[in-house]
Amino acid sequence: MTDYTNPVTATFELQRKSIKQGQQALERTVDFQHRVGEAVIDGIDSQQSAQQQAIDIQQTVIHAALDTIEASVPGSEQTVEELRDTVDEQYEELLANHQEAFDNIVESVDDGFDTYDDLTATYVEALGEQIDVALEAHEELEAPVIDSIEELDAQTEELQGQLEEMQNQAQDVSEQSVTNAEA
């Protein structure tokens, strides 16, 4: 009897490993996407800091220009001081709006990623449960398939034996016919 169980068993094992590797790949992809989300939020924080520094530099440049005007134009002290106050108020309002805008962006992105993380966690968990059920069914299917293959193999061997016996009988009959014909 030919032993088909090793290749069949190996095939079943390979299929289960492939399913598990697919599940692990999905989990790594979800983890990677989570890390990308964190990097996006960090990037937004860095962008906010860079923009705030640019605004601070612009304000400093305007103050330097006003200082130059005040030093070079006699009698402009009060006008320059009023301009300086107006500029400072506008920059203060700009920075407050800037902070609020970035806070809203970070909050929205963070909420979006939290929702995404929750959904993907639920999906991965449900998929894991489905894969566990599929693997159990797959394992339960293995034994009957192997039994069927072994039964088919036994039947094939039996038929092969019967065929060989029939061929031997046919050959005997043919030889007897030749012997009878010669006699």
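Above this text you will find the structure in question.
Residues numbered from 1 in each chain as written. Predicted model: local features only at pLDDT ≥ 70, side-chain atom pairs only at ≥ 80, totals over all residues. Heavy atoms only, no water.

Q: Help me get a handle on the overall build of the protein, residues and values and all.
A: Along its length, the protein carries 2 helices and 0 strands. Since a compact globule built from 183 residues should have a radius of gyration of about 16 Å, the 42 Å found for the protein marks it as more spread out than a globular shape. For the protein, with 183 residues in total, the buried portion stands at 18%. The contacts of the protein with a sequence gap of at least 6 include a subset with a gap of at least 24, amounting to 86%. Per element, the accessible surface of the protein, about 13200 Å² overall, is 54% carbon and sulfur. When the 6 positive and 44 negative side-chain charges of the protein are each reduced to one mean point, those points stand 7 Å apart. (Helix = DSSP H or I, 4+ residues; strand = E, 2+ residues; numbered from the N terminus. Rg over C-alpha atoms; globule rule 2.2 N^0.38 Å. Buried < 20%, exposed > 50% of the residue type's maximum accessible area, 1.4 Å probe, protein only. Contact = heavy atoms within 4.5 Å. Areas by Shrake-Rupley, 256 points an atom, 1.4 Å probe, with all protein chains shown as cover. Lys, Arg positive; Asp, Glu negative; His and termini not counted. Charge placed at Lys NZ, Arg CZ, Asp CG, Glu CD.)

Q: Can you tell me about the pattern of salt bridges, naming the residues and giving the values?
A: Going through the model one piece at a time under the given rule, you end up with 7 salt bridges. In this structure, Arg16 and Glu139 form a salt bridge, with 3.9 Å as the shortest nitrogen-oxygen distance. One end of the pair, Arg16, is in helix 1 (residues 5-72); the other, Glu139, is in helix 2 (residues 77-182), with 123 residues separating them in the sequence. By relative accessible area, Glu139 is classed as partly exposed at 45%. Exposure remark for Arg16: the relative accessible area of 6% places this residue in the buried category. Here the salt bridges share partners, and the residues they tie into one network are Glu13, Arg16, Glu139 and Glu142. (Salt bridge = Lys/Arg side-chain N within 4 Å of Asp/Glu carboxyl O.)

Q: Go over the environment of Gln90, please, and point to the residues and values.
A: For Gln90, the location among the structural elements is in helix 2. Between the alpha carbons of Gln90 and Gln59 there is a distance of 9.9 Å; along the sequence they are 31 residues apart.

Q: Which residues make up the environment of Glu136, and what values go with them?
A: For Glu136, the location among the structural elements is in helix 2. A sequence separation of 120 residues divides Glu136 from Arg16, and the C-alpha atoms of the two residues are 9.7 Å apart.

Q: Run through a nonpolar patch on the surface, naming residues and quoting values.
A: Together, Phe32, Val36 and Val40 line one region of the surface with nonpolar side chains, adding up to about 240 Å² of accessible area. Judged by relative accessible area, which is 37%, Val40 ranks as partly exposed. (Patch = residues over 30% accessible without salt bridge, like charges linked within 9 Å, V, L, I, M, F, W, Y side chains within 5 Å.)

Q: Please set out the side chain of Gln48 residue by residue, giving values where relevant.
A: In this structure, Gln48 sits in helix 1. Look past the residues within four positions of Gln48 in its chain and what remains in contact with it is His98, Gln99 and Phe102.

Q: Lay out the side chain of His63 with the relevant residues and their values.
A: Tracing the sequence through the fold places His63 in helix 1. A relative accessible area of 18% means that His63 is categorised as buried. Filtering out sequence-adjacent residues up to four positions away, His63 remains in contact with Arg84 and Asp88.

By themselves, these figures tell us nothing about what the structure is for.
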